[in-house]
Amino acid sequence: MISILILNYERLVREGWKDFLGAQPGISVVGCTGDPKDAIAIAAKFKPRIVLAVSDLVMGAGVHELRAIYRACSDTRMILISRFYPEGVRDYLGQIGVRACLSKDSSLAEILLALSRVNAGITYTSDALRIGSGEVVRSNEMEIGQLTQRELQIAGLLRLGKTSKEIAQLLNVSYKTIEVHRFHILKKLGCRNTMHLCNKLSQQQMRG
C-alpha cells in the first residue's frame with residue numbers, strides 16, 4: 001500500500017486528487033491539506049511514502065516547510081507540481097526528498113505514472129516541463145509521441161500493473177475498447193507484450 005500526503009493550497013484541486021487517488025487500488029491518502037504546517041504534523045504522525053506538493057507552497061520561504069516534512073519522515077519521497085522546470089534548484093530539492101517534477105498541466109494518468117516510478121525508486125520529470133524550459137528531450141527507439149492522449153493514458157495505467165478490465169472500469173469504457181487500444185499501443189511502440197511495453201516506458205521516462 002502506497003501512503004500519500006497531498007499538499008496543495010487549492011482546495012478544489014487537492015480534493016479532486018484525494019478522491020481520484022483514494023479510489024485507486026494500492027493507494028491510501030493519509031492526509032490532504034493546504035497548510036504546510038499541517039502537512040508537517042501529518043508527515044510526522046503517518047510517515048507517508050509519498051508527498052504530492054504544489055510548487056507554490058515550497059519555493060522561496062516555503063522550502064523550510066518542505067525540508068521540515070522531510071525531517072519528520074526521512075523515508076518519504078516528494079513529487080513536486082510546478083509550471084517551470086526547477087533546473088537551478090534541482091540538486092537541492094533532491095537533497096530534501098524531491099524525486100519527481102510534474103507540470104501543473106499533467107494528467108491524472110501521469111500523476112499515477114509518477115507515483116509508481118517514485119515508489120519504485122526511479123526519478124521522473126514531465127516532458128511538458130522539459131520542453132517548456134527549452135531542454136532537449138532525449139528519445140530512443142520508442143516514439144511516445146505516436147500515441148494519442150487516450151493511448152498515453154492507458155499505457156500509463158498498464159505501467160501501473162492494471163489489467164484491461166480494471167482500466168475499462170476506471171475509464172468507463174468497454175473491455176473490448178481497452179483491448180483494441182492496447183493492441184494499437186503495442187504495435188506502435190514495437191512491443192511484444194505488456195511487460196516489454198513497461199520496460200520501454202521505464203527506459204523512456206528515466207532521467208539522470
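The structure under discussion appears in the preceding block.
In this text, all values refer to a predicted model and were calculated from it rather than measured experimentally.

The rules behind these values
Residues numbered from 1 in each chain as written. Predicted model: local features only at pLDDT ≥ 70, side-chain atom pairs only at ≥ 80, totals over all residues. Heavy atoms only, no water. Helix = DSSP H or I, 4+ residues; strand = E, 2+ residues; numbered from the N terminus. Buried < 20%, exposed > 50% of the residue type's maximum accessible area, 1.4 Å probe, protein only. Contact = heavy atoms within 4.5 Å. Areas by Shrake-Rupley, 256 points an atom, 1.4 Å probe, with all protein chains shown as cover. Expected span 1.5 Å × (residues − 1). Pairing = 2+ DSSP bridges. Axes fitted to C-alpha atoms, helices over the stretch in contact; angles between N-to-C directions. Core = buried A, V, L, I, M, F, W, Y, C linked by side-chain atoms within 4.5 Å.

### With respect to the overall build of the chain
Of regular secondary structure, the chain possesses 10 helices and six strands. In the chain, which comprises 208 residues, the share counted as buried stands at 48%. In the chain, once contacts between residues fewer than 6 apart in sequence are set aside, the share between residues at least 24 apart is 66%. Counting every atom, the chain has about 10,500 Å² of accessible surface; 52% of that belongs to carbon and sulfur.

### Regarding unusual backbone geometry
Outside of glycine, negative phi angles account for most residues, and trans bonds account for most peptide bonds. Even without being glycine, Lys47 reaches a positive phi, approximately 50°. Within the secondary structure layout, Lys47 lies in the loop between helix 2 (36-46) and strand 3 (50-54). According to the relative accessible area criterion, Lys47 is partly exposed, its value standing at 45%. A positive phi is found at Asn172, a non-glycine position, where the angle reads about 60°. Tracing the sequence through the fold places Asn172 in the loop between helix 8 (164-171) and helix 9 (175-189). The exposure class assigned to Asn172 is exposed, which follows from its relative accessible area of 70%.

### Side note on helix 5 (residues 108-119)
An α-helix turns once per 3.6 residues; consequently, residues spaced three or four apart project the same way. When the terminal C-alpha atoms of helix 5 are compared, their 16 Å separation across 12 residues agrees well with the 16 Å that a helix rising 1.5 Å per residue should span. In terms of burial, helix 5 is largely enclosed, as 10 of its 12 residues are buried. Along helix 5, the residues classified as buried are Ala109, Glu110, Ile111, Leu112, Leu113, Ala114, Leu115, Ser116, Arg117 and Val118. Two residues or fewer after helix 5 comes Gly121, characterised by a positive phi angle close to 85°.

### Points about the sheet that holds strand 4 (residues 77-82)
Spatially, the six strands line up as an open sheet ordered 2-1-3-4-5-6, and their pairing is parallel. Either end of the sheet is taken by a strand with one partner, and the two such strands are strand 2 (27-33) and strand 6 (124-125). Pairing between strand 4 and strand 5 (residues 98-103): five bridges, direction parallel. Bridge pairing links Ile79 to Ala100 in strand 5. Against the sheet, helix 2 engages strand 1 (2-7) and strand 2, with an angle of about 145° to strand 2.

### Observations regarding the nonpolar core
Residues Ile4, Leu21, Ile79, Leu115 and Leu197 are the most contacted members of the largest nonpolar core, which totals 35 residues. When neighbours within four sequence positions are excluded, Leu21 is seen to be in contact with Ile4, Ile6, Ile27, Val29, Leu52, Ile111, Leu112 and Leu115. Ala39, Ala53, Leu80 and Leu93 belong to the second-largest nonpolar core, a separate cluster that totals 16 residues.

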